[in-house]
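Descriptive structure summary
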Amino acid sequence: MSIKDIELGNISKYRAEQMGMAMLFIILFHVSLPRSDMFYGLRRMGNIGVDMFLFLSGVGLWFSWMKTPEARHFFIRRFVRIYPAWLIIAALYYIPKYLHGEFGIVNLIGEMAFNWNFWLHDELKFWYIPATMMLYLFAPAYMELIKRHPIYRWLPVVMIMWCILVQWVTPIHQAVGHIEIFWSRVPIFFIGINLGEAVRQKMKWDGQSIWMILLMFFMALLSSIFLEQVRHGQFPLFIERMLYIPLTVTTVLILNRIFRRLPSWLNRCFAFVGSLSLECYLIHIGFTLAYVESFHMGYWPTFFLCIAITLPLAWIMNKALALLTDRILRKNK
């Protein structure tokens, strides 16, 4: 039986749907669940949504760079997309803490500017935002490097090696081991950039490769579920996040084949969530989830109510900011 080729162009075609699915995975991960629950290990797999975001962001950045390979244009677009939304949420979250005397003015400025307690003390409330901005900072140099010298596409292997050093080489661990959650996500971001050209050229893989993809997917997924369900807290998390690398890529490829078969209205629903992913992340983690969980309704009711409250707020925030950001982007074309 002939198996349809794997079309890498679908990573771009269904990017919004993938981002929406990743956002749902992240919310599933953030909803509290007792360790004793049989769903605990699978629920922990929602953490892969972060890796999906970074992988898809890397692919998207390559498209953007190939269209306009200019650093100023690149940084303005990234800054305008992330920073206004971040400042609003950071102000709503950190200013009340400052007014209640939980920290001083220097700490307030540092948190609102770039969430400095993540870098200093591994404060994880909004860690994805400063981590993403740091990755964006190095992306143009990396993209220009691999354009000129393609051999440097192997650098993600060096990044994986670095994760091992961070965990087990004592001086390095003492210096920067507290932000392991950042280091272990760096490789998948740059792997996304590496794959960007193949996606842009709409390359195809032989359909028979689906069996290798499924093998990698189930090996990574089932082993990660076992580690979380049975051995949570007994191993360095970066090891599991190395499994997330093949799991992320294969999940995206498998979801593409699913999205290709779904009704268009359902794809639009996922794409709608994906278009609001930044706002959804900031609002649900900073406000909505804590409020909903206070009702103690159970896992799935909490998840669905969190979604129901977060999406309208995210849409309002997105549309309000678009009035500002579109004007800025037009001036800097």
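Everything that follows concerns the structure shown earlier in this document.
Attention here is on the structure that accompanies the text. None of these values were measured; they are calculated from a predicted model. (Residues numbered from 1 in each chain as written. Predicted model: local features only at pLDDT ≥ 70, side-chain atom pairs only at ≥ 80, totals over all residues. Heavy atoms only, no water.)

**Side note on the environment of Gly20**
Our working rule: Only runs of H or I of at least four residues qualify as helices and only runs of E of at least two qualify as strands under DSSP, and these elements are numbered from the N terminus. For every residue, the accessible area (1.4 Å probe, protein chains only) is compared with the maximum for its type, and the residue is labelled buried under 20%, exposed over 50%, or partly exposed between those bounds.
Its place among the elements puts Gly20 in helix α2 (residues 15-30). Judged by relative accessible area, which is 0%, Gly20 ranks as buried. Sequence separation between Gly20 and Val273 is 253 residues, and the spatial gap between their C-alpha atoms is 4.6 Å.

**Concerning the nonpolar core**
The following threshold applies: Nonpolar cores are built from buried Ala, Val, Leu, Ile, Met, Phe, Trp, Tyr and Cys residues. Side-chain atoms within 4.5 Å join them into one set. Whether two residues are in contact is decided by their heavy atoms: any pair within 4.5 Å suffices.
Counting 101 residues, the largest nonpolar core has Ile11, Tyr94, Phe189, Ile193 and Leu282 as its most contacted members. Contacts of Phe189, omitting those with residues within four sequence positions, involve Leu54, Ser57, Gly58, Leu61, Leu135, Tyr136 and Ala139.

**Here we look at the environment of Leu278**
With respect to the helices and strands, Leu278 occurs in helix α16 (residues 277-293). You can call Leu278 buried: its relative accessible area is 10%. For the pair Leu278 and Ile129, spaced 149 residues apart in sequence, the C-alpha to C-alpha distance is 9.0 Å. Excluding residues that lie within four positions of it along the chain, Leu278 makes contacts with Arg81, Ile82, Ala85 and Ile129.

**With respect to the pattern of salt bridges**
Selection criterion: When a carboxyl oxygen of Asp or Glu is within 4 Å of a side-chain nitrogen of Lys or Arg, the pair counts as a salt bridge.
Inspection of the entire model under this criterion finds nine salt bridges. The partner of Asp51 in a salt bridge is Arg185, with the nearest N and O atoms 3.1 Å apart. Taken together, the residues Asp51 in helix α4 (residues 48-67) and Arg185 in the loop between α11 (180-183) and α12 (186-200) connect sequence positions 134 residues apart. By the burial criterion, Asp51 is buried, and Arg185 matches it. Between Arg81 and Glu279 there is a salt bridge whose closest N-O contact spans 3.0 Å. Here the residue Arg81 occupies a position in helix α5 (residues 71-99), and Glu279 occupies one in helix α16, the gap between them amounting to 198 residues.

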